[in-house]
Amino acid sequence: MNHNLQPFPILLTRSLTLRKLSKNDSEQIFQLRSNTETNKFLDRKPAKTIEDAVNFINIIIEESDELFYWAITKTGEDKLIGIICLFDFLDDLKKCEIGYELLNEYNGQGIMIEAATKVIEYSVQTLGLKTIDALTHENNKSSTKLLQKLNFRKLENVFDGNPNLTLFRLTT
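Keep in mind it's a predicted model, so treat the numbers as computed, not measured. (Residues numbered from 1 in each chain as written. Predicted model: local features only at pLDDT ≥ 70, side-chain atom pairs only at ≥ 80, totals over all residues. Heavy atoms only, no water.)

A. Local environment of the overall build of the protein. When its secondary structure is counted, the protein shows 5 helices and 8 strands. The linear arrangement of helices and strands in the protein, starting from the amino end, is β-β-α-α-α-β-β-β-α-β-α-β-β. Scaling as 2.2 N^0.38, a compact globule of 172 residues should have a C-alpha radius of gyration of about 16 Å, and the protein matches this with 15 Å. In terms of overall dimensions, the protein has C-alpha extents of about 40 × 35 × 30 Å along its principal axes. Within the protein, the proportion of its 172 residues that are buried is 47%. The contacts of the protein with a sequence gap of at least 6 include a subset with a gap of at least 24, amounting to 61%. For the protein, the exposed surface amounts to about 9,400 Å²; the carbon and sulfur share of it is 49%. Once the 21 positive and 24 negative side-chain charges of the protein are each reduced to a mean point, those two points are 6 Å apart. (Helix = DSSP H or I, 4+ residues; strand = E, 2+ residues; numbered from the N terminus. Rg over C-alpha atoms; globule rule 2.2 N^0.38 Å. Buried < 20%, exposed > 50% of the residue type's maximum accessible area, 1.4 Å probe, protein only. Contact = heavy atoms within 4.5 Å. Areas by Shrake-Rupley, 256 points an atom, 1.4 Å probe, with all protein chains shown as cover. Lys, Arg positive; Asp, Glu negative; His and termini not counted. Charge placed at Lys NZ, Arg CZ, Asp CG, Glu CD.)

B. Focus on helix 1 (residues 26-34). Every buried residue of helix 1 is accounted for by S26, Q28, I29, F30, L32 and R33. Close packing links the buried residues of helix 1 with helix 2 (36-39), helix 3 (50-62), strand 4 (82-90) and strand 5 (95-102).

C. Structural detail: the pairing of strand 6 (residues 131-137). Here strand 6 lies mainly inside the structure; 6 of its 7 residues are buried. Where strand 5 and strand 6 come together, 3 bridges link them in parallel fashion. When the sheet's bridge partners are listed, E97 is paired in strand 6 with D133. In this view, the connection linking strand 5 to its parallel neighbour strand 6 by way of helix 4 (residues 111-125) has right-handed handedness. Where strand 6 meets strand 8 (residues 165-171), 7 bridges bridge the pair, whose relative direction is antiparallel. Bridge pairing links D133 to R169 in strand 8. (Pairing = 2+ DSSP bridges. Right-handed = clockwise from strand over helix to strand, strands pointing away.)

This is how it looks when you write it as structure tokens:
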């Protein structure tokens, strides 16, 4: 499966536009990737400068044939408020992983469930995926709650890479 669809798929929901990440998003990507509250659940080095954010965006743009990485914006506005992505595709299994982050001031507004519902719909209807995995930190209660609302099921086996991560799976 070639994931490098041209043009990049823009997804629209009731109130959101999911568009391709751009270098203009560097300030908001810096906010996401330097946020200590978010980073405590992720195994990554926090961004220390805007240049770190720009470098991250460049990597995402270069790897665009291996993943889908959407900037979440409110429809009619261009400012990134979060991200959602599909990655680690296993084409023979029709499977991938989903990831997401939201700027703190937008938490609790139903934005991520709206965005994730659209991305899951796209992954099933357009990409033909049958399985979507999500890893979340055991203490990230809001992510766990979101995955449960989206009908992901917690798998009992512990993720080998990090015992604090819980694997959730959606099978369509």
